[in-house]
Amino acid sequence: MSTLNLAKVGSKAPAFTTENQHGEKVSLKDFKGKKVVLYFYPKAMTPGCTTQACGIRDHQKEFQQLNTVVLGISPDAPKRLIKFIEKESLNFDLLSDEDHSIAEKYGVWGLKKFMGREYDGIHRITYIIDEDGKVAAVMPKVKTKTHHDDVLAVIRSL
């Protein structure tokens, strides 16, 4: 397994601009003054990713009370993201990283193993970025069922 080169806590979060599910441009700098949960996930509408997204959906009010915006990011095209949002009634933006350039900037794109097969893909890793655009926390081991609670606990501890 290759070692991922994750963005470091305390460093400036890598800037990006990409499209959300509506094809609208979204940049990290749009959220200055808020905390940002940037969670990378492999593929919309798969079981683990659905569990993870629905947990965030169901706790959106708590994130808002903590001045926090949640952004999910995957290599999916905006068309697939809008289907995922509609199917699961998601209440936060999903971002498209089709060329995985953002995943590479954050060090979450790399070799994966699944059922004996090796391939490059996105690792399920979450970043918490502070109000000034710095990496406040990196969560390299994410459990889809408890992701929302784990992230909220980290945000409350900052």
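Please refer to the structure higher up on the page.
What you see is a predicted model, and the numbers here were worked out from it, not measured in a lab.

Q: Help me out: how do you make sense of the sheet that holds strand β1 (residues 17–20) in this one?
A: Adjacent strands of a sheet pair through backbone hydrogen bonds, lying either parallel or antiparallel. Overall, mixed pairing links the 7 strands, which are arranged β2-β1-β5-β4-β3-β8-β9 in an open sheet. Every other strand in the sheet has two partners, leaving β2 (25–27) and β9 (135–139) as the edge strands with one partner each. Along the sheet, successive strands turn relative to each other by an average axial angle of 35°, direction set aside. Inspection of the sheet shows strand β3 (residues 35–40) paired to strand β4 (residues 68–74) by 6 bridges, in the parallel sense. Looking at β4, one finds that Y39 is bridged to G72. Contacting β3, β4, β8 (126–129) and β9, helix α5 (residues 147–157) runs over the sheet at an angle of about 30° to β8.

Q: Honestly, the state of the cysteines in this entry has me stumped. Any pointers?
A: Think of a disulfide as a covalent bridge from one cysteine sulfur atom to another cysteine sulfur atom. Throughout the structure, instances matching the rule amount to 0 disulfides. As a non-bridged cysteine, C54 has C49 as the owner of its nearest cysteine sulfur, 11 Å distant.

Q: Looking at this structure, how should I read the packing of aromatic side chains?
A: Aromatic ring pairs are described here by two measures, namely the spacing of the ring centres and the angle between the planes. Counted under the stated rule, the structure contains 7 aromatic pairs. Taking 6.3 Å as the distance between ring centres and 55° as the angle between the ring planes, the aromatic pair formed by Y39 and F92 counts as tilted. Of this pair, Y39 sits in strand β3 while F92 sits in the loop between α3 (78–88) and β5 (94–96), placing them 53 residues apart in sequence. For Y39, a relative accessible area of 1% puts it in the buried group. The exposure class assigned to F92 is buried, which follows from its relative accessible area of 7%. Judged by centre distance (5.6 Å) and plane angle (50°), the ring pair of F40 and Y106 falls under tilted. Here Y106 lies in the loop between α4 (101–105) and β6 (109–114) and F40 lies in strand β3, a separation of 66 residues in the sequence. Looking at F40, the relative accessible area reads 0%, which means it is buried. For Y106, a relative accessible area of 0% puts it in the buried group. Joined through ring pairs, the aromatic side chains of F16, F40, Y106 and Y127 make up one cluster.

Q: Which parts of the structure should I look at to understand unusual backbone geometry?
A: Notably, N67 is not glycine yet its phi reads approximately 55°, a positive angle. In this fold, N67 is placed in the loop between α2 (60–65) and β4. Located in the positive-phi region is S89, a residue other than glycine, with phi close to 50°. With respect to the helices and strands, the residue S89 is situated in the loop between α3 and β5.

Cut-offs used in this document
The residue numbering used here restarts from 1 in each chain and proceeds along that chain's sequence as written. Local features in this predicted model are restricted to residues of pLDDT 70 or higher, and side-chain atom pairs are both shown and tallied only at a pLDDT of 80 or more, whereas totals for entire chains, interfaces and linings draw on every residue. Each side-chain value is worked out from all heavy atoms of the structure, with water and hydrogens disregarded. Strands are labelled as partners when DSSP assigns at least two bridges between them. Comment: elements are numbered from the N terminus, with helices defined as DSSP H or I runs of at least four residues and strands as E runs of at least two. Axes here refer to lines fitted to C-alpha atoms; in helices the fit is confined to the stretch in contact. Angles between the N-to-C directions go from 0 to 180 degrees. Contacts are residue-level and defined by heavy atoms, with any inter-residue pair within 4.5 Å sufficient. Here, the term disulfide refers to a pair of cysteine sulfur atoms separated by no more than 2.5 Å. The criterion for an aromatic pair is that two Phe, Tyr or Trp rings (for Trp, the six-membered ring) have centres within 6.5 Å, with stacked assigned to planes under 30 degrees apart, edge-to-face to planes over 60 apart and tilted to the rest. Burial classes: relative accessible area under 20% of the type maximum marks a residue as buried, over 50% as exposed, and values in between as partly exposed (1.4 Å probe, protein chains only).

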